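Here's the letter readout for the chains.
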Amino acid sequence: MMTGQTSQVWEVVETSSGRHFALKLLLPENTRSPEHRRFLFHEGEVGLQLHHQNIIRVLRLVRDRVNPYIVMEFFPSTNLKLRLMRKNPLVQEKAYEIIEQTAKGLAAMHDHGWIHRDVKPDNILVNSSGEVRIIDFALAQRIRKGSLLSWLFRSRSTMGTRSYMSPEQIRGEPLDERADLYSFGITMYELLTGRPPFRGLNPGDLLHRHLTEIPQSPRVLNPEVTEECANLILRMLAKKKTDRPRDFHEFLAAFRNMRVFKTAPAETKRSQE
């Protein structure tokens, strides 16, 4: 069982087939909360629309009055945040594959018309073989093209995780694929250096740094990172979204032509999208 701030995930077995699944349900104290129920239902609804090998498969959403839940594929793994905290060597050995698979999953999510809005190591599952699944679609938002519609649906509140939020997300501005690209750039930076690029004295200071501070190159913290990879990450962290890659397809086209490390630990044959 895994327990989060508002929910928990159990491994369950279907008695008729012996198949294993993951069951996500709200913590007992949250089952009557309209807000928590809304987020769980939204996560299930979005997940049911997404079909990609690097996105966790949502199989069923049950809107039970007493105890609603989501049934998902069972994917034995640990999230990337825990692997980084434990300095798991798999992270360095499979860095290229982890980055590429996550980018492919996010590209597929965007192609389905959704922005994740909470891309971070905690929401990237990595198993012992280096396979990836993106999880948690509670904050996912429809991509809205066109300036009028975008401003009509301008967010009135700032939602996300402070260490990974793009400047436009902090300001509550209309979002597109490039908001997730920024968050993924923060994630890549942490994956390759062991820490995110911005640290604040308090939550407000941290958000201010996202808006104003120019990050130092990942190579300052890890000289083994190649210059081209470091430059791509810094481009993803541009304050203006127009200075970032256009989308994850553009990112992947650039990423597949470079190495992550000067002397890669165990970079395997690069897969195709």
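Here, the structure is the one placed above.
Within every chain, residues take consecutive numbers counted from 1 along the sequence as written. Selection of residues for local features in this predicted model requires a pLDDT of at least 70, selection of side-chain atom pairs for listing and counting requires 80 or more, and totals for whole chains, interfaces and linings are taken over all residues. For side-chain calculations, the full set of non-hydrogen atoms in the structure is used, while hydrogens and water are omitted.

A.B. asks: Is there a simple way to explain the side chain of T193 in this structure?
C.D. replies: Starting at the N terminus, helices and strands are each numbered in turn, a helix being any DSSP run of H or I of at least four residues and a strand any DSSP run of E of at least two. Structurally, T193 is set in helix α7 (residues 177-193). Classification of residues uses two cut-offs on accessible area relative to the type maximum, computed with a 1.4 Å probe and protein chains only: under 20% is buried, over 50% is exposed, and between them is partly exposed. Classification of T193 as buried rests on a relative accessible area of 18%. A 3.5 Å cut-off defines polar contacts: any pair of N or O atoms within that distance qualifies, except that in protein one atom must be a possible hydrogen donor and the other a possible acceptor, and neighbouring residues in sequence count only when both atoms are side-chain atoms. Separated by 2.7 Å, the side chain of T193 and the backbone oxygen of Y189 make a polar contact. Separated by 2.9 Å, the side chain of T193 and the backbone oxygen of R195 make a polar contact. In this analysis, two residues are considered to be in contact whenever any of their non-hydrogen atoms come within 4.5 Å of each other. Apart from residues no more than four positions distant in its own chain, T193 is found in contact with P218, L221 and N222.

A.B. asks: Can you walk me through the pairing of strand β2 (residues 7-13) in this structure?
C.D. replies: Within a regular strand, the side chains alternate between the two sheet faces. Here a strand pair is declared whenever DSSP counts at least two bridges between the two strands. For strand β1 (residues 2-3) and β2, the ladder comprises two bridges, and the chain directions are antiparallel. For T3, the partnering residue across the bridge sits in β2 and is Q8. In this antiparallel pair of consecutive strands, β1 and β2, the connection spans three residues. With seven bridges joining them, β2 and strand β3 (residues 20-26) adopt antiparallel strand pairing. Its bridge partner lying in β3, S7 is registered against L26. The hairpin turn running from β2 into β3, its antiparallel successor, is six residues long, and G18 in that turn takes a positive phi close to 80°.

A.B. asks: Mind showing me how you'd approach the sheet that holds β3 here?
C.D. replies: Strand-to-strand pairing in sheets goes through backbone hydrogen bonds, with the strands running parallel or antiparallel. Spatially, β1-β2-β3-β5-β4 is the arrangement adopted by the five strands of the open sheet, whose pairing is antiparallel. With one partner strand each, in any of the chains shown, β1 and β4 (58-62) form the two edges of the open sheet. Sheet strands touched by helix α1 (residues 34-49): β3, β4 and β5 (69-73). Its angle to β4, the strand with the most contacts, is close to 145°. Between N-to-C directions, angles cover 0 to 180 degrees, with each direction set by a line fitted to C-alpha atoms, over the stretch in contact for helices.

A.B. asks: How should I be thinking about the sheet that holds strand β6 (residues 78-79) in this particular structure?
C.D. replies: Within the open sheet, the three strands sit side by side as β6-β8-β9. Their pairing is antiparallel. On the outer flanks of this sheet lie β6 and β9 (132-134), each paired with one strand and no other. As paired elements, β6 and strand β8 (residues 124-126) share two bridges and run antiparallel to each other. Its bridge partner being in β8, T78 is matched across the sheet by V126. The strands that helix α4 (residues 95-111) touches are β8 and β9; relative to β9, the one it contacts most, it runs at about 35°.

A.B. asks: Whenever I open this one, unusual backbone geometry confuses me. Can you help?
C.D. replies: Most peptide bonds take the trans configuration, and most residues that are not glycine carry a negative phi. Unusually for a residue other than glycine, K87 sits at a positive phi of about 55°. In this structure, K87 sits in the loop between α2 (80-85) and α3 (89-93). Positive phi is not limited to glycine here, since R117 has a value of about 75°. Mapped onto the elements, R117 comes out in the loop between β7 (114-115) and β8.

A.B. asks: Teacher, can you tell me more about the pairing of β5 here?
C.D. replies: Of the pairings in the sheet, the one linking β3 to β5 comprises five bridges and is antiparallel in character. Looking at the pairing, K24 lines up with I70 of β5.

A.B. asks: In this structure, what is going on with the packing of α7 against helix α10 (residues 227-236)? I would like to understand it.
C.D. replies: Each pair of packed helices gets described by two things: the angle between the helix axes and the distance between those axes. Following both chains from N to C, one finds α7 and α10 inclined at 140°, their axes separated by 8 Å at the closest point. The crossing of α7 and α10 is left-handed. In this structure, α7 contributes L181, Y182, F184, G185, M188, Y189 and L192 to the contact, and α10 contributes C229, I233 and M236. Among the residues making up the contact of α7 with α10, the classes are represented as nine nonpolar, one polar and no charged. Whether a crossing is left-handed or right-handed is set by the direction in which the near helix is turned from the far one by less than a right angle, anticlockwise for left-handed and clockwise for right-handed. Just so you know the grouping, Ala, Val, Leu, Ile, Met, Phe, Trp, Tyr, Cys and Pro go in nonpolar, Asp, Glu, Lys and Arg go in charged, and all remaining residues, Gly too, go in polar.

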